[in-house]
Amino acid sequence: MFDGLKDKLSGFTSDVEEDVDDEALDAEDEPDADEADGDAPADQPANGESTADTQSSEDTEAAAGESPTADDQSGAGFAPQAADSEAIDEPATASSAAAEDLDTGAEEASESDDAAADDSGSEAEADSESEADDDDGRGLAAKAKLMATGKTVIEEEDLQGHLDDLELALLSSDVEMSVANEILDGVKENLTGQTRRRLSSTGNLVRDALRESLYDVINVGQFDFDERVQQADKPVTIVFTGVNGVGKTTSIAKLARYFEERGLSTVLANGDTYRAGANEQLEKHAQNLGKKIITHEQGSDPTAVIYDAVEYAKANDIDVVLGDTAGRLHTSDDLMAQLEKIDRNIDPDMTLFVDEAVAGQDAVNRAREFNDAAEIDGAILTKADADPQGGAAISVAHVTGKPILFLGTGQDYGDLEPFDPEEIVDSLIGE
Ligand SMILES: Nc1nc2c(ncn2[C@@H]2O[C@H](COP(=O)(O)OP(=O)(O)OP(=O)(O)O)[C@@H](O)[C@H]2O)c(=O)[nH]1
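Residues numbered from 1 in each chain as written. Predicted model: local features only at pLDDT ≥ 70, side-chain atom pairs only at ≥ 80, totals over all residues. Heavy atoms only, no water.

Here's the deal with the overall build of the protein chain
Within the protein chain, the secondary structure is distributed over 18 helices and eight strands. For the protein chain, the proportion of contacts with a sequence separation of at least 24, taken over those separated by at least 6, is 76%. Accessible area for the protein chain stands at about 18,200 Å²; split by element, carbon and sulfur atoms hold 41% of it. (Helix = DSSP H or I, 4+ residues; strand = E, 2+ residues; numbered from the N terminus. Contact = heavy atoms within 4.5 Å. Areas by Shrake-Rupley, 256 points an atom, 1.4 Å probe, with all protein chains shown as cover.)

What about unusual backbone geometry?
Following K234, the chain continues into P235 via a peptide bond in cis, with omega recorded as 0 degrees. Along the chain, P235 falls in the loop between α11 (225–231) and β1 (236–241). For D174, which is not glycine, the phi dihedral falls at a positive 70 degrees. With respect to the helices, strands and loops of the structure, D174 is situated in the loop between α8 (156–172) and α9 (177–191).

Describing the pairing of strand β7 (residues 404–408)
In terms of burial, β7 is largely enclosed, as five of its five residues are buried. Across three bridges, the pairing between strand β6 (residues 378–382) and β7 is parallel. In the strand pairing of β7, I380 is matched with F406. Each parallel crossover has a hand, and the one from β6 via helix α17 (residues 391–400) to β7 is right-handed. Strand direction decides the pairing type here: β7 and strand β8 (residues 416–418), joined by three bridges, are antiparallel. Looking at the pairing, L407 lines up with E417 of β8. (Buried < 20%, exposed > 50% of the residue type's maximum accessible area, 1.4 Å probe, protein only. Pairing = 2+ DSSP bridges. Right-handed = clockwise from strand over helix to strand, strands pointing away.)

What to know about the domain arrangement of the protein chain
Structurally, the protein chain comprises domain 1 (3–20 + 150–219) and domain 2 (225–418). Just the C-alpha atoms count here: the centres of domain 1 and domain 2 sit 35 Å apart. Across the contact, 15 residues belong to domain 1 and 15 residues belong to domain 2. On the domain 1 side of the contact with domain 2, D174, E176 and I218 bury the most area, a combined 40% of that side's loss. For the interface between domain 1 and domain 2, the tally reads one salt bridge. Between R368 and E176 there is a salt bridge; the shortest N-O distance is 2.7 Å. Taken together, the links from domain 1 to domain 2 amount to eight residue pairs in polar contact (both at pLDDT 80 or more). Of all the secondary-structure elements, those providing two or more residues to the side of domain 1 that touches domain 2 are α1 (3–29), α9 and α10 (202–218). In terms of residue count, α1 provides more of the side of domain 1 that touches domain 2 than any other element does, four residues in total. When its residues are assigned to classes, the side of domain 1 that touches domain 2 shows seven nonpolar, three polar and five charged. (Domains from an automatic or database assignment. Buried area = accessible area lost by both parts, 1.4 Å probe. Salt bridge = Lys/Arg side-chain N within 4 Å of Asp/Glu carboxyl O. Polar contact = N/O pair within 3.5 Å; in protein donor to acceptor, adjacent residues only side chain to side chain. Nonpolar A, V, L, I, M, F, W, Y, C, P; charged D, E, K, R; others polar.)

In structure tokens:
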């Protein structure tokens, strides 16, 4: 499921990671000029080579966690570089625990004459950004340094090429344009120009930035479907919309099984009175599952069919009514009039839009149009098992403002999975 997209996203994260690491390694191999002189000018405290005496408290903030004094330089793990490239060898002090103490550490450092000799565990404050900002040319190595201390600052221009690649990857995976832009903005915002404290490696940093950003667009509108059904007055009526052939009927049957497994009884209603053979199709599923089905003749009023099913459910203490509707073109006024009539007369508890993940951008467009015409409460994306792209799965919630609730993952009745945004993002990016 979504394997193509997975590969592309992993390409993005590893490319950015490699870039930063390469820069960091290059910088590590090149001792800076001051270091070569063996002397640190007192007016360059940000390099971390000056003694505590020569440092202003502000400078100390930058230097305290990053720069051992000369005495410390013989110590194990010290990287003989200027502050803007040194931290690669001090991962032990770059724990996330240290990062959590940043504010405190920096304050203590600025109060202490010996601050520069402090253990690097008290890393420089987030404000170190501003001190280092006087160095417009701060390289990726400096950022890698900050990264190694649980913080990093990456400039947009460092990322732009990668972001362009990411955009292409998303679009070629059928992610809707506005959704792709939202993801890119999120990644940019999460990665650039900011001090990040809770991460200890570039890989995690990039993955987490992407993870957050993807999660934000996928998680739109999520609610607890089971809880809503359990808490609603019975019978709960759920109406299904969507075009023909995408797996709407199969999804209704899968949900009948899903509810049965949760102790809820169902009655099926074939409101697709337009298409020849629709009754037989749903009847077959009802038979397979041992469920009651309500049908009327072809051409009759779909509202009447669903109404009868609701009455049957009331009379027989059935928990859930699952009502199919005609899957004619969503642009059809007739269809929309039908859905409005169902809304007016039956006032269903939920209207679920069904489409197939493999339809990609088309499914996204249809979701938007159906939702505009007859508001939906959520979506089911079928055939996710056959979809390498994942574009619809990523885009539908953001575009409609309504959550994807289930994924169809095969042709059997059990092949229906609740849509869990966190799980999806983890499966796309890796945990
Ligand atoms: N691989 C896979 N196939 C599915 C899934 N859901 C449905 N299908 C298949 O898709 C085909 C169409 O499914 P239907 O349920 O008949 O589609 P529909 O939307 O009701 O279509 P109409 O009845 O023509 O309106 C069937 O062969 C189903 O077995 C799924 O999640 N994965």
